[in-house]
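Given next are the chains, with one letter for each unit.
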Amino acid sequence: MPVSLLWAVDVYGRVYSLSTRGQQWEQCRDAVLEFKRVTAVQQCCWGIACDHHIYLNVHSSDVPIRYQEETFENQRWNPLDNFSDRLLPSDRWQWSNITGLEHQPLDSFFLPSSNWEWEGDWYIDENFGGEPTEKEGWTYAIDFPATYTKDKKWNSCVRRRRWIRYRRYKATDTWAKIPSEGHSGPLPDPFNDISCGGWEISEEPRGRLSLWAVSLQGKVWFREGIHHHSPEGDGWEEVSLPGEVVQISCGPGDLVWAVLWEGQLIVREGITRDCPRGSSWVVVDSPNPEAGAIHVAVGDNVVWAVTKDNKVWYRRGINSYNPRGSGWIGMIGEMVMINVGLNDQVWGISCEDRAVYFRQGVTSSELSGKAWKAVNVPRDGDIRSHSSASSSSLHSAGCFFSGEVRAQSVMSEDSDTKNGPQRAVLEVGACPSSPPPDPPPVDVPKPRIPKVTSDSFISEMLSDRKVKQEGATTAVTAGPSIPEEEASLREADAKSPPLALVLSPSLSGGPGDPQWSNVDLEETQTHLAVGPAGVRGDAADTCSLSSVATYTLCQEEPYGADEHPLWAWVSGGGCGVDCHSQLNWFNSATALSSSVQSMSLSISPAQTAAWRKQIFEQLSERSKREMDNFKHYEQAIEQSQSVWVKKGTMQWWRDWKPHKWVDVRFALEQFSGPEGNQDGILFLYYNFNEEKKYLHAFINEVTILVPVLNDSKHTFAIYTAERTKQRWPIRLAAATELEMHDWLALLSVSCCDSRGIQGPPSKQALWSVTCKGDVFVCEPSPSLETCPYPTPCDQMFWHQVGGHLRLVESNSLGVVWGVGYDHTVWVYTGGYGGGFLQGLARSTDNIYTQTDVKCVYIYENQRWNPVTGYTNRGLPTDRYMWSDATGLQECTKANTKPPSPHWTWVADWAIDYGISGGTDREGWQYAADFPTSYHGHKTLKDFVRRRRWARKCKLTTTGPWQEVPPIPLSDVTIIPCGAQSIVEPIPLWAISNKGDVLCRLGVTLLTPAGTSWLHVGTDQPFKSISIGGASQVWAIARDGSAFYRGSVTAQSPSGDCWYHIPSPVRQKLQQVSVGRTSVYTVDQHGNLWFRQGLTPSCPQGSSWEHISNNVRKVSVGPLDQVWIIADKVQGSHSLSCGTVCHRLGVQPMEPKGQSWDYGIGGGWDHITVRGNSFEAPRVRMPSLTPSLTASLTDPLRTHPPRRPLSFRNIEENGNAVRC
């Protein structure tokens, strides 16, 4: 679960935030004003201060907010001056925008506000379409406007070049004031309410938000232009109203509700991607006509309201098609206000105790939830006040105060502030380590201790046992000890000031210090003798019982530490919790201070041993008693010495005609050898033509067990080396999902035991991910990379590891990172359980809950006809009008289900505007016919169109993965080898989902998650990155161009600059992988390229050489070994997509290798071999006999070696040659 914040404001106007991983409210120390209310989203928080102005707090990130300003310099050619700034009267401006319609000289650009700063000066962009330009970045064309090229031609009459300058938003983690100005000038009145949302209306521009505000006069204003590169927005626009509004609420989507002064509610309609302000209002009656509404809160598909009698109401029937809903339902509880956060989770402030409450049980199927539960955590101020009241050595089992009270003033420095005020603390029941001096004469006036009736103060003194000394402390004796009884009797004389509690100005901090807090200790029974002699005699013996207790004299809080805070406002718009989230907010123990929790009973080792023995005897007796009750049951597992058998019934997919599911009896027989080695056999008994037959497979021949997603059955596949070649695995279906998981876990453990694989994966393991997100590992053998005859790929054994990821990257030191489908980052914890493996011979240590979110896409297709235009009536040969991407399968909104029963829908269907090729305003893409290339604008030749619909679903599972917040990533890479010690840093680079390049700091063997991100500047977004030997960093930009990062060292982990590497001619690169001395890339057409000419003096190389086609992913290891995921490999019976392949013949003198070896095919999406550094002894490679060609489209090999291609296409200096 990503770390997010719940925001709240107390009745004193102080702003607090509560982290989903925290256990206390953290106060925003930078807020110089009191705030009335706040509204939060994941990336920022808006608030209204007591001056009625709006303030913005943008959360800091390792990736800064940068905006690229650009302008174009235009020139025209003339016979006299050549190219110059003398343009024709009909031409565009000399300095203009990209369209040429706006005049944009360099000195016309200003910072939007004081919250921005320039990163540098203007510079020329020398990159054009992924290729470097010549002659100072100029691009040429025949005339304005036209198509520009980087090469100058004989008819190039105009030219232009782009100037770039970046500005950075600097006001992060602080409250920045937003000007109250509209497009026509200052606003007439200040603001009273605010609400932020609308980030799900459109993904373009990135980070777009809708901010609604209500003024004191009841007017509604809309803030325009808020997105990632402009977090402050542009200006305010007034929205017309049917009446005066008192409060407004905006959801993540298109829901906007408001409350009128009369108690009615209004709903905003017509909110779309192109019109986020909406078009009109519709009035909705209050839930209770006698008590009008005073507050409303909306989410994705819910609306909650509070009426004047503090009753809570839920609106049913809310969706994007009916934002008004159908009716109100009264809920239990009385609230002052209510707020709906992410995932439609509900927060409220109780009318009775002003505490923050959370609505439990809110799911997509039950949006109204089940019950309210208080958020019971302390604040950071409460923790400090508790920690200041500490005792040094109180016995937790026998803590009491002595009959003598010694008052002592102690000065300490507040640890929370650098120059905080000094505090005076009173020492009660001090126990000296040496006998005290003789008491003073009797005629010395004794000090008084005035009485305080606060019981919380005594509990505060008892709450801690240890005193943390920070800085120097000065103790001043306040006078002799006085009996507690005398202090109580002299309490009546309250007019005269206390004599012994007077501090000098140097110790009290001046006349401005707060007054002393006074205590009346209740009379306690004590066995100590009364009188000075008795006190001196028992002082040493009772020192551990009557210890020092100090408490704070300067009270920062207006109420005791044991009193709960009074909240005025709460906002959960940025708090990413759901019904599956594991929070530490609701445990009453967390409300106690750490000092109270540290007080535990002292238990001796003898008592502990006795308790353990007693518990063990009770468990043994109970187990025997329970086993006796099941003696008459038939055993599911037959045990006979070292052989046991597990039986069951399943369905088997018959792989010959007629293909169908057949009921079979399934048996697993496992036995142990004389030396303790284990093995087993799988038996499948079925009937064919009234004849009993069976199939069998040896456990040690099983290469992988794969769960298969099926809408109607719970199926899994069993592969062996022979069945891998045939592409015909054994497919079985269990009756229930639980039964399938039990069999998968049992078979997986049996296969691992037969091969001697125990515990977590080794540091050298190969990691892979299927297209369904399942994670598999393979333990490499030393002969895996042996030349000339390595271990065949189809004989490698893969076993599953818990978790769900999109890609995994590792190195030979055991550091493993993964990225989910929702771009969440995970680091491997060293466990080896989770998922269906939990609870069955697998470790439960280092197993955590893991979530993932992905989108399911369907396509709406239409064809044009002269009468009705575009309709859903296609030709008989056309694809389905609702289909998948290929058009071969019908997929409608109603019949499309999540990928498996483990996934649940978390959103409704929505148009996806982020599809490649662009869309129009309604999301349509146009083409001449199905299927062909699509574009986002209509032409006369376009007779078909389509648009993509997306719906999000969520998976919750477990695995040995722990989240690395907070930046989502799209790619990650770890140096294959490097660190020699556990504290030496390991270089790790990544690319965020926004295209920013990042370098992770603090990654070591002890801290594999690292500590922080270092942003590496780029001029354009990137999509792939890889780091190899000698810290070679290569990256691919989103436009398909390649870059090399120079001067990356341990002293300079981020390098100094990027070097542009020309791509292969007419190819856009997609992915890169760097080994020890080799660089491989894959382009968007599936071609695999090798970079030639890499030397220490020329790390950029010289040219690209084509190796193969039909490649989806490539991984180059620390030995320069090359593994790929092939897109299409010809099998024995069908084309298999997503096949693991190994490059054979890779040697120092032959880094490109010679041929391919095919492994398990079907469903693989990612592989990494960057952890395998097993370097086998090399032998001279004999001559290879001709076999099959190295193209991936050839059939599976029948002989181990294959001859290389007969020729290669090599690109040198941009020219294609043949050798």
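On a predicted model such as this, the values are computed, not experimentally measured, just so you know.

A. Expanded view of the overall build of the protein. Of the regular secondary structure elements, the protein holds nine helices and 80 strands. Expressed as a percentage of the 1219 residues in the protein, the buried residues total 51%. Long-range pairs, those at least 24 residues apart, make up 59% of the contacts in the protein between residues at least 6 apart in sequence. Accessible area of the protein: about 57700 Å², with a carbon and sulfur share of 52%.

B. Main features of the nonpolar core. By size, the foremost hydrophobic cluster in this structure holds 34 residues, and its most contacted members are Trp817, Leu969, Trp989, Trp1013, Phe1022 and Trp1058. When contributions to this core are tallied by element, the ones reaching two or more residues are strand 52 (816-819), strand 53 (825-828), strand 62 (969-974), strand 63 (988-992), strand 64 (997-1001), strand 65 (1012-1016), strand 66 (1022-1027) and strand 67 (1033-1037). Setting aside residues no more than four positions away along its own chain, Trp1058 makes contact with Trp989, Val997, Val1016, Gly1017, Thr1018, Phe1022, Val1033, Ala1035, Phe1043, Tyr1044 and Arg1045. If you look at the next biggest cluster of nonpolar residues, it comprises 31 residues, including Cys45, Ile349, Phe358 and Cys575.

C. Up close: the packing of aromatic side chains. A complete count under the given rule lists 39 aromatic pairs for this structure. Centre to centre, the rings of Phe683 and Tyr685 are 6.0 Å apart; their planes meet at 15 degrees, and the pair counts as stacked. Given a relative accessible area of 30%, Tyr685 falls into the partly exposed group. Seen from their ring centres, Trp798 and Trp1164 are 5.3 Å apart, and the 50 degrees between their planes marks the pair as tilted. Here Trp1164 lies in strand 78 (residues 1164-1168) and Trp798 lies in the loop between strand 49 (775-778) and strand 50 (799-801), a separation of 366 residues in the sequence. A residue is classified by how much of its surface remains accessible, and Trp798, at 3% relative accessible area, is buried. Residue classification places Trp1164 among the buried positions, given a relative accessible area of 2%. Chaining the aromatic ring pairs together yields one cluster made of Trp7, Phe35, Tyr55 and Trp175.

D. Broad picture of the pattern of salt bridges. All told, the structure shown has 26 salt bridges when counted by the stated rule. A salt bridge links Arg161 to Glu136, with the shortest nitrogen-to-oxygen separation between them at 3.3 Å. Linking Arg161 in strand 15 (residues 158-169) with Glu136 in the loop between strand 13 (131-132) and strand 14 (139-141), this pair joins segments that are 25 residues apart in sequence. You can call Glu136 exposed: its relative accessible area is 52%. Residues Arg277 and Glu224 are paired through a salt bridge, measuring 3.9 Å at the closest nitrogen-oxygen approach.

E. Spotlight on the environment of Val15. Examined against the element boundaries, Val15 turns out to sit in strand 2 (residues 15-19). Look at Val15 and you get buried, because its relative accessible area is 1%. For Val15 and Trp569, which are 554 residues apart along the polypeptide, the C-alpha to C-alpha distance reads 9.3 Å. When neighbours within four sequence positions are excluded, Val15 is seen to be in contact with Trp7, Ala8, Val9, Glu26, Gln27, Cys28, Phe35, Val38 and Trp175.

F. Focus on the pairing of strand 31 (residues 346-350). Counting buried residues in strand 31 gives five out of five residues, a clear majority hidden from the surface. Burial along strand 31 is two-sided: the residues Val346, Gly348 and Ser350 and Trp347 and Ile349 are all buried. When strand 30 (residues 327-340) meets strand 31, the two strands line up antiparallel, connected through five bridges. Bridge pairing links Ile338 to Gly348 in strand 31. Joining the antiparallel neighbours strand 30 and strand 31 is a turn of five residues, in which Asn343 adopts a positive phi near 60 degrees.

G. Representation of the sheet that holds strand 78. Pairing within the open sheet is antiparallel, and its four strands lie in the order 50-49-48-78. Both edges of this open sheet fall to strand 50 and strand 78, since each of them pairs with a single strand only. Pairwise comparison of adjacent strand axes, ignoring direction, gives a mean angle of 30 degrees for this sheet. Note: strand 49 against strand 50, three bridges, orientation antiparallel. When the sheet's bridge partners are listed, Phe776 is paired in strand 50 with Gln800.

H. How the structure looks around the environment of Trp347. For Trp347, the location among the structural elements is in strand 31. With relative accessibility at 0%, the residue Trp347 sits in the buried group. Separated by 27 residues in the primary sequence, Trp347 and Ala374 have C-alpha atoms spaced 9.6 Å apart.

I. Spatial organisation of the sheet that holds strand 5 (residues 44-49). Read from one edge of the open sheet, four strands run 4-5-6-16, paired in antiparallel fashion. Both edges of this open sheet fall to strand 4 (35-40) and strand 16 (176-177), since each of them pairs with a single strand only. Alignment of strand 5 against strand 6 (residues 54-58), held across five bridges, turns out to be antiparallel. Residue pairing for strand 6: Cys44 is matched across the bridge by Val58.

J. The arrangement of the side chain of Asn1087 in detail. Its place among the elements puts Asn1087 in the loop between strand 71 (1079-1083) and strand 72 (1088-1092). A distance of 3.3 Å separates the side chain of Asn1087 from the side chain of His1106, its partner in a polar contact. Those residues in contact with Asn1087 that sit more than four places away from it in its chain are Gln1067, Thr1081, Val1082, His1106, Ser1108 and Asn1109.

K. Expanded view of the pairing of strand 45 (residues 702-708). Within strand 45, six of the seven residues are buried, which leaves the element mostly enclosed by the surrounding structure. Across six bridges, the pairing between strand 45 and strand 46 (residues 714-720) is antiparallel. Considered in strand 46, the bridge of Val702 is made with Thr720.

L. Layout of unusual backbone geometry. Following Phe144, the chain continues to Pro145 via a peptide bond in cis, the omega torsion being -25 degrees. As for its position among the elements, Pro145 is in the loop between strand 14 and strand 15. The step from Phe930 to Pro931 runs through a cis peptide bond, and the omega angle for that step is -20 degrees. Along the chain, Pro931 turns up in the loop between strand 59 (925-927) and strand 60 (944-959).

M. The arrangement of the UniProt feature "domain: Peroxin/Ferlin" (unreviewed entry) in the protein in detail. Annotation from UniProt places "domain: Peroxin/Ferlin" (unreviewed entry) at residues 64-125, 137-170, 851-912 and 923-956. Across residues 137-170, the secondary structure splits into 0% helix and 44% strand, with the terminal C-alpha atoms separated by 31 Å. Here residues 923-956 runs as 0% helix and 47% strand, with 31 Å between its end C-alpha atoms.

N. Helix 9 (residues 737-754), seen in detail. With 18 residues, helix 9 ought to run about 26 Å at 1.5 Å a step, and its terminal C-alpha atoms sit 26 Å apart, in line with that. Burial of helix 9 is extensive: 13 of the 18 residues sit out of reach of the surface. Note on helix 9: the residue one or two positions beyond its end, Gly756, has a positive phi of about 70 degrees.

O. Region of interest: the side chain of Asp91. Assignment of secondary structure puts Asp91 in the loop between strand 8 (82-84) and strand 9 (95-96). With relative accessibility at 16%, the residue Asp91 sits in the buried group. A distance of 2.6 Å separates the side chain of Asp91 from the side chain of Arg76, its partner in a polar contact.

P. Main features of the confidence of the model for the protein. Summary statistics for the protein give a mean pLDDT of 77 and a share of 75% for residues scoring 70 or more. Low pLDDT (under 50) marks residues 588-602, which in the prediction has 29 contacts with non-local residues, meaning those over four places away or in another chain. Scored below 50 in pLDDT, residues 1181-1219 makes 101 contacts in the model with residues more than four places away or belonging to other chains.

Q. The arrangement of the environment of Gly1093 in detail. Considering the arrangement of structural elements, one finds Gly1093 in the loop between strand 72 and strand 73 (1103-1108). Sequence spacing of Gly1093 and Ser1078 is 15 residues, and the spatial spacing of their C-alpha atoms is 9.6 Å. Aside from chain neighbours lying at most four places away, what touches Gly1093 is Cys1098, Gly1101 and Ser1102.

Calculation notes
- Residues numbered from 1 in each chain as written.
- Predicted model: local features only at pLDDT ≥ 70, side-chain atom pairs only at ≥ 80, totals over all residues.
- Heavy atoms only, no water.
- Helix = DSSP H or I, 4+ residues; strand = E, 2+ residues; numbered from the N terminus.
- Buried < 20%, exposed > 50% of the residue type's maximum accessible area, 1.4 Å probe, protein only.
- Contact = heavy atoms within 4.5 Å.
- Areas by Shrake-Rupley, 256 points an atom, 1.4 Å probe, with all protein chains shown as cover.
- Core = buried A, V, L, I, M, F, W, Y, C linked by side-chain atoms within 4.5 Å.
- Phe/Tyr/Trp six-rings, centres within 6.5 Å; stacked < 30°, edge-to-face > 60°.
- Salt bridge = Lys/Arg side-chain N within 4 Å of Asp/Glu carboxyl O.
- Pairing = 2+ DSSP bridges.
- Axes fitted to C-alpha atoms, helices over the stretch in contact; angles between N-to-C directions.
- Polar contact = N/O pair within 3.5 Å; in protein donor to acceptor, adjacent residues only side chain to side chain.
- UniProt positions renumbered as here; feature names shortened; annotations may be inferred.
- Expected span 1.5 Å × (residues − 1).
- pLDDT = per-residue confidence, 0-100.

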